[in-house]
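Chain by chain, the residues run as shown.
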Amino acid sequence: MVEANRDLIPEITHNFALNEVELPDLRHGVAGTSQGTVDFHVDSQFWASTTRPQADRQHRVDAVEMIDTNDLLHRHQANVLICDIEGGEIDLLPSLDLSGLRLVIAELHPAVIGEEGVTRITKLMTDAGLPPRHILNDEVYVFAA
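Residues numbered from 1 in each chain as written. Predicted model: local features only at pLDDT ≥ 70, side-chain atom pairs only at ≥ 80, totals over all residues. Heavy atoms only, no water.

I keep staring at the overall build of the protein chain and nothing clicks. Help me out?
When helices and strands are tallied, the protein chain shows four helices and nine strands. Listing every helix and strand of the protein chain by position from the N terminus yields β-α-β-β-β-β-α-β-α-β-α-β-β. Here the C-alpha atoms of the protein chain give a radius of gyration of 15 Å, agreeing with the 15 Å that 2.2 N^0.38 yields for 145 residues. Its C-alpha atoms give the protein chain principal-axis dimensions of about 40 × 40 × 30 Å. Out of the 145 residues belonging to the protein chain, those deemed buried represent 37%. Within the protein chain, counting contacts between residues at least 6 apart in sequence, those at least 24 apart form 56% of the total. About 8,700 Å² of surface is accessible on the protein chain, with carbon and sulfur atoms providing 50% of the total. Where the 10 positive side-chain charges of the protein chain centre and where its 24 negative ones centre are 4 Å apart. (Helix = DSSP H or I, 4+ residues; strand = E, 2+ residues; numbered from the N terminus. Rg over C-alpha atoms; globule rule 2.2 N^0.38 Å. Buried < 20%, exposed > 50% of the residue type's maximum accessible area, 1.4 Å probe, protein only. Contact = heavy atoms within 4.5 Å. Areas by Shrake-Rupley, 256 points an atom, 1.4 Å probe, with all protein chains shown as cover. Lys, Arg positive; Asp, Glu negative; His and termini not counted. Charge placed at Lys NZ, Arg CZ, Asp CG, Glu CD.)

Here's what the structure looks like:
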């Protein structure tokens, strides 16, 4: 589990405890495919936080570790990926090794990546043997083998 917004780490931990569910390996960082740091723009509306600069919004900028998601998928032998990364899916998903996955749930953000981006991701997933099975609220795509 990767979370870029350090402010949400205590909330995530608390939520798992409230639900009496063991917290998986939780890392503070940005899901990527390389190592290093990246600027993360933390908005007062947590859902609007992003790695993409937001000139029209008040926010702070944190330097956050980039975490190699391919390494995480391989190391944990993951077969499910859930991501809601506010437009970052357009960069992340095409660079992942999807071969071990049986299910991907991704909130695609057409307002950020455009309909062309949604089409590109849908084709990528279909070509990887994970065609869309459900679309919830016009943004949350369930891709499954």
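The discussion continues.
I tried to follow the pattern of salt bridges on my own but got confused; where do I start?
When their charged atoms lie close together, side chains carrying opposite charge are able to pair. One pass over the structure, following the stated rule, counts seven salt bridges. Between glutamate 65 and arginine 27 there is a salt bridge; the shortest N-O distance is 3.3 Å. On the criterion of sequence distance, the pair formed by glutamate 65 in strand β5 (residues 59-68) and arginine 27 in strand β2 (residues 27-28) is long-range, its members being 38 residues apart. A relative accessible area of 39% means that glutamate 65 is categorised as partly exposed. With a shortest N-O distance of 3.0 Å, arginine 60 and aspartate 62 are connected by a salt bridge. (Salt bridge = Lys/Arg side-chain N within 4 Å of Asp/Glu carboxyl O.)

Can you walk me through the layout of surface pockets in this structure?
One simple way to see leftover space: roll a probe sized like a water molecule over the atoms. For the largest pocket, the calculated volume is near 1,300 Å³. Taken together, 40 residues make up the lining of the largest pocket; nearest its centre are Val2, Ala31, Ile82, Cys83 and Ile85. Within the residue set of the lining of the largest pocket, elements represented by two or more residues are β1 (2-3), α1 (9-18), β3 (30-32), β4 (36-43), α2 (69-75), β6 (80-83) and α3 (89-92). The greatest single-element share of the lining of the largest pocket, amounting to four residues, is contributed by β6. Across the lining of the largest pocket, the residue classes tally to 22 nonpolar, 11 polar and seven charged. Of the pockets and cavities examined, the second largest pocket occupies roughly 190 Å³. Surrounding the second largest pocket, Trp47, Ala48, Thr50, Arg52, Gln54, Arg57, Glu86, His109, Ala111, Val112 and Glu139 form its lining. (1 Å grid on protein atoms, 1.4 Å probe; cavity = no way out; pocket = protein on both sides within 12 Å on 5 of 7 lines; lining within 4 Å. Points joined across faces, edges and corners; volume = space filled by probe spheres on them. Nonpolar A, V, L, I, M, F, W, Y, C, P; charged D, E, K, R; others polar.)

Just checking my understanding: could you explain the packing of aromatic side chains for this structure?
The way to describe two aromatic rings as a pair is by their centre distance and the angle between their planes. Per the counting criterion, the structure on display carries one aromatic pair. With a centroid separation of 5.7 Å and 15° between ring planes, the pair formed by tyrosine 141 and phenylalanine 143 is classed as stacked. In this structure, tyrosine 141 and phenylalanine 143 share a single accessibility class: buried. (Phe/Tyr/Trp six-rings, centres within 6.5 Å; stacked < 30°, edge-to-face > 60°.)

Coordinates in, geometry out; function isn't part of it.
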